[in-house]
Amino acid sequence: METFLQVLVNGLMLGALFAIVSVGLTMIFGIVKVVNFAHGEFLMLGMYLVYLFTTKLGIHPLLTSVIVAPLLFVAGVATQRFIIQPLMSARDDHIQIFATVGLSTALINLALLIFGADIANTPPSGLRLPIVIGPVRVLLGQLVILAASILLVIGLQAFLKRTQTGRAIRAVAQNRAAAQLMGINVNRMYMLTFGIGAACVGLAASMVAPLYPTSPNIGTYFVLTAFVVVVLGGLGSLGGAFAGAMIIGLIDSFAGFYIGSDVREVVVFGMFLLILILKPAGLFSDRLNLSHVSP
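Rules behind the numbers
Residues numbered from 1 in each chain as written. Predicted model: local features only at pLDDT ≥ 70, side-chain atom pairs only at ≥ 80, totals over all residues. Heavy atoms only, no water. Core = buried A, V, L, I, M, F, W, Y, C linked by side-chain atoms within 4.5 Å. Buried < 20%, exposed > 50% of the residue type's maximum accessible area, 1.4 Å probe, protein only. Helix = DSSP H or I, 4+ residues; strand = E, 2+ residues; numbered from the N terminus. Contact = heavy atoms within 4.5 Å. Phe/Tyr/Trp six-rings, centres within 6.5 Å; stacked < 30°, edge-to-face > 60°. Axes fitted to C-alpha atoms, helices over the stretch in contact; angles between N-to-C directions. Parallel < 35°, antiparallel > 145°, perpendicular 65-115°, else oblique. Left-handed = near helix turned anticlockwise from the far one by under 90°. Nonpolar A, V, L, I, M, F, W, Y, C, P; charged D, E, K, R; others polar. Salt bridge = Lys/Arg side-chain N within 4 Å of Asp/Glu carboxyl O. Pairing = 2+ DSSP bridges.

A short note on the nonpolar core
Reasoning step 1: Among the nonpolar cores identified, the biggest contains 77 residues, and Ile20, Leu43 and Leu156 are the most heavily contacted of them.
Reasoning step 2: Among the elements that take part in this core, helix 1 (residues 2-32) stands out by supplying 13 residues, more than any other.
Reasoning step 3: What leucine 43 contacts, discounting residues up to four positions off in sequence, is Val21, Val201, Ala204, Ala205 and Phe222.

As for the packing of aromatic side chains
Reasoning step 1: Under the criterion given, the structure shown has seven aromatic pairs.
Reasoning step 2: An angle of 45° between the planes, with centres 5.0 Å apart, marks the rings of phenylalanine 37 and phenylalanine 227 as tilted. With phenylalanine 37 in the loop between helix 1 and helix 2 (39-57) and phenylalanine 227 in helix 9 (residues 218-233), this pair connects stretches of sequence that are 190 residues apart.
Reasoning step 3: Measuring from ring centre to ring centre gives 4.9 Å for phenylalanine 257 and tyrosine 258, while their planes differ by 80°; the resulting arrangement is edge-to-face.
Reasoning step 4: What makes tyrosine 258 partly exposed here is its relative accessible area of 48%.
Reasoning step 5: A network of ring pairs unites the aromatic residues Phe4, Phe254, Phe257 and Tyr258 as a single cluster.

With respect to the side chain of glutamine 96
Reasoning step 1: Looking at the element boundaries, glutamine 96 is found in helix 4 (residues 94-115).
Reasoning step 2: Look at glutamine 96 and you get buried, because its relative accessible area is 5%.
Reasoning step 3: In contact with glutamine 96, other than residues within four places in its own chain, are Val34, Ile84, Leu87 and Met88.

Observations concerning the packing of helix 1 against helix 10 (residues 238-258)
Reasoning step 1: The interhelical angle for the contact between helix 1 and helix 10, taken along N-to-C directions, is 140°, at an axis separation of 6 Å. Accordingly, the angle class assigned to the pair helix 1 and helix 10 is oblique. As for how helix 1 packs across helix 10, the hand of that crossing is right-handed.
Reasoning step 2: A class-by-class count of the residues in the contact of helix 1 with helix 10 yields 20 nonpolar, seven polar and one charged.

Considerations on the pattern of salt bridges
Reasoning step 1: Scanning the model with the defined rule gives one salt bridge in all.
Reasoning step 2: Linking aspartate 252 and arginine 264 is a salt bridge whose minimum nitrogen-to-oxygen distance equals 3.4 Å. With a gap of twelve residues between them, aspartate 252 in helix 10 and arginine 264 in helix 11 (residues 264-278) connect regions that are remote in the sequence.
Reasoning step 3: Under the relative-accessibility criterion, aspartate 252 is labelled buried at 9%.
Reasoning step 4: Its relative accessible area of 31% is what places arginine 264 among the partly exposed residues.

Considering the pairing of strand 1 (residues 130-133)
Reasoning step 1: By the bridge criterion, four bridges tie strand 1 to strand 2 (residues 136-139) in an arrangement that is antiparallel. Looking at the pairing, isoleucine 131 lines up with valine 138 of strand 2.
Reasoning step 2: Between strand 1 and strand 2, which pair antiparallel and follow one another directly, the connecting turn spans two residues, one of which, glycine 134, has a positive phi of 65°.

Following this line, the structure appears as structure tokens:
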């Protein structure tokens, strides 16, 4: 029983990690309708920034979020303004996807040029401290990620529901043309949304970097799972992304322990394909989509 509980908790902690990485991705897709293949590279960029601020300036990894998140917000706004926005009028929407793929490749190679292929380890600063809760053990950093992912989803939902800017963003998600007729600056909302999505991954970077080694290709590992989470939870659904992340985390944990760590990805992506076939819109798209948050 203790083993089962430990595997269960490990799955929940892993799901929280996937959730905090996926929230920004699902928000960008839900509003801007762009699949951002550079999302993982934004995370990688944030993790390198956390590494530099921690090792060079002695700042605690969690405190770097007040610097890294705004920097990535600016990077997200710039990406939308100078890369995505000029392509919004293109007949083929795939052009925007190709642009983010190109940005992803450019960021990976830029990281290789600056930092090399060596792994950078951010000092854990106490976040690897084991916490014993009854029969299970978790790391302090995992609990921080769990709490942050829950607060992030709740905060973004409240922002979209209760603020004038949030309502404007939802209006753009529902109907771009109608939003323009109501006087909403659609391009500004797109830039703001892309910036918020990038800032979310900057927040995630400050918590992930002390627990995982940083390398130019680290974003690829997380973004592949993030895409599974986003599609599984329902494209554009914040709550769905969180629930989907928990499901994927539990499947990964139980499959890795009871079947084998070498086939757990087969099980995860197999379940993903099965659910996608049975419900292509995702498990929670009907109730939790960004554009259908009740007023």
